[in-house]
Every structure is written in structure tokens, then in C-alpha cells.
Amino acid sequence: MNTRILLIAHAPLANALRECALHVFPDCTDDVLALDVPPHEPPELTLATAQALLARQGKAPVLVLADVLGATPCNVAQRLVDDRHSCLVAGVNLPMLLRAVCYRSESLEAVAERALAGAAQGVVRVAAAGAASSKPTCLS
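Here's what I pulled together on the structure shown here.

Rules used throughout
Residues numbered from 1 in each chain as written. Predicted model: local features only at pLDDT ≥ 70, side-chain atom pairs only at ≥ 80, totals over all residues. Heavy atoms only, no water. Pairing = 2+ DSSP bridges. Helix = DSSP H or I, 4+ residues; strand = E, 2+ residues; numbered from the N terminus. Axes fitted to C-alpha atoms, helices over the stretch in contact; angles between N-to-C directions. Contact = heavy atoms within 4.5 Å. Phe/Tyr/Trp six-rings, centres within 6.5 Å; stacked < 30°, edge-to-face > 60°. Lys NZ or Arg CZ within 6 Å of the ring centre and 35° of its normal. Disulfide = S-S within 2.5 Å. Buried < 20%, exposed > 50% of the residue type's maximum accessible area, 1.4 Å probe, protein only. Parallel < 35°, antiparallel > 145°, perpendicular 65-115°, else oblique. Left-handed = near helix turned anticlockwise from the far one by under 90°. Expected span 1.5 Å × (residues − 1). Arc of directions from axis to C-beta.

Regarding the sheet that holds strand E1 (residues 4–10)
In spatial order, the strands read E2-E1-E3-E4; together these 4 strands make up an open sheet with parallel pairing. Edge strands, defined here as strands with exactly one partner in the open sheet, are strand E2 (32–37) and strand E4 (86–90). Taking the axes of each pair of neighbouring strands and ignoring which way they run, one obtains an average angle of 20° across the sheet. Taken together, the 5 bridges between strand E3 (residues 62–66) and E4 define a ladder with parallel strand orientation. By the bridge assignment for E4, Val62 is matched with Ser86. Seen against the sheet, helix H2 (residues 43–55) touches E1, E2 and E3 and runs at an angle of roughly 170° to E2. Packing of helix H3 (residues 72–81) onto the sheet brings it into contact with E1, E2, E3 and E4, and relative to E4 it is tilted by some 165°.

And the structure:
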């Protein structure tokens, strides 16, 4: 059974990340879920929506990827993961998501570790072409 991945983020980030994942892995439609949190929505409503979304997933393990630690989506996700076989990681980025999707057939713990590695390895300093130093080039 594949690990499901739930993206929970400030609107429209969750669905935008899901669409990027589907672009690269079109076969992951059933395994990657997204919940955009609109501005000013009460956290209780977001939690109820997330619970309903996960209830349809049965007993599958769920890796929850939230955008910002301490923000409403992450706070809701923390309450969500208390009741099921799941793991929460904050600071979602596209390399993290793609790595998680790629290895979603592994155990929940393995998928979480791969997601963290993908996030860290996906953030690199890239020098401008022809630049003599490794410092980023900025235009003023």
C-alpha cells in the first residue's frame, strides 16, 4: 500500500505543488492530496475538511507536508496527525514533494526521510554563468 501524501498550505500553494507533481508523475493522482487553506478560514473548518479528506483514504499511511511551521496549515496538520498512522513535515518545497512521490511505495518513515533529504538537497546556491565566485549574482 502506497504512502499517501497530503499537502496542506496557504492557498493556492497546495494545489499548485500537487499539479507540479502530477506533471512529473502523472500516475500519482490517487496518492497526492492537496488542501489549500483560504485566508480567514477558521482552523476548525480546515481541520474538519482535512479529516474528511483523510477518512476517504482508509488505513493508508499518510505523510503530511505543510508549508510554514507555526502557521495555520501546520497547526491544523499537527492536530490531524494525532489520530492516525502519519507523519508531519513542515517547510514543503517541490524537491521534497517529488522525492516523496518517487518513493511513496516505501514505508512511511522511509518516505519522510527521503522527503527531508530531497528538501535539503534541492536547495543549493547556483552561480551565474561566467561568474568568477560562487556567490550568487544579484542585479541592482
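Some remarks on the packing of aromatic side chains
Inspection of the entire model under this criterion finds 0 aromatic pairs. Over the face of the ring belonging to Tyr103 we find Arg114, whose NZ or CZ atom lies 3.8 Å from the ring centre.

Considering the state of the cysteines
With the rule as written, the count across this model stands at 0 disulfides. No disulfide involves Cys28; its nearest neighbouring cysteine sulfur is the one of Cys102, lying 11 Å away. Judged by relative accessible area, which is 0%, Cys28 ranks as buried. The structure places no disulfide on Cys87, whose sulfur is separated from the nearest cysteine sulfur, that of Cys74, by 11 Å.

Comments concerning the packing of helix H1 (residues 13–24) against helix H4 (residues 94–102)
At a minimum axis distance of 10 Å, the contact between H1 and H4 shows a crossing angle of 50°. As judged from the angle between their axes, H1 and H4 are oblique. The handedness of the crossing between H1 and H4 is right-handed. In this structure, H1 uses Leu17, Arg18, Cys20, Ala21 and Val24 to contact H4, whose residues at the interface are Leu94, Leu97, Leu98 and Val101.

Considerations on helix H5 (residues 108–121)
With 14 residues, H5 extends 20 Å from end C-alpha to end C-alpha; this agrees with the ideal 20 Å at 1.5 Å per step. Turning to H5, its buried residues are Leu108, Val111, Ala112, Ala115, Gly118 and Ala119. Taken end-on, H5 shows its buried residues confined to a sector of 125°, consistent with a single buried face. Summarising the geometry of H5, the exposed residues directed more than 90 degrees from the buried face are Glu109, Ala120 and Gln121. Contacts from the buried residues of H5 go to E3, E4 and H4.

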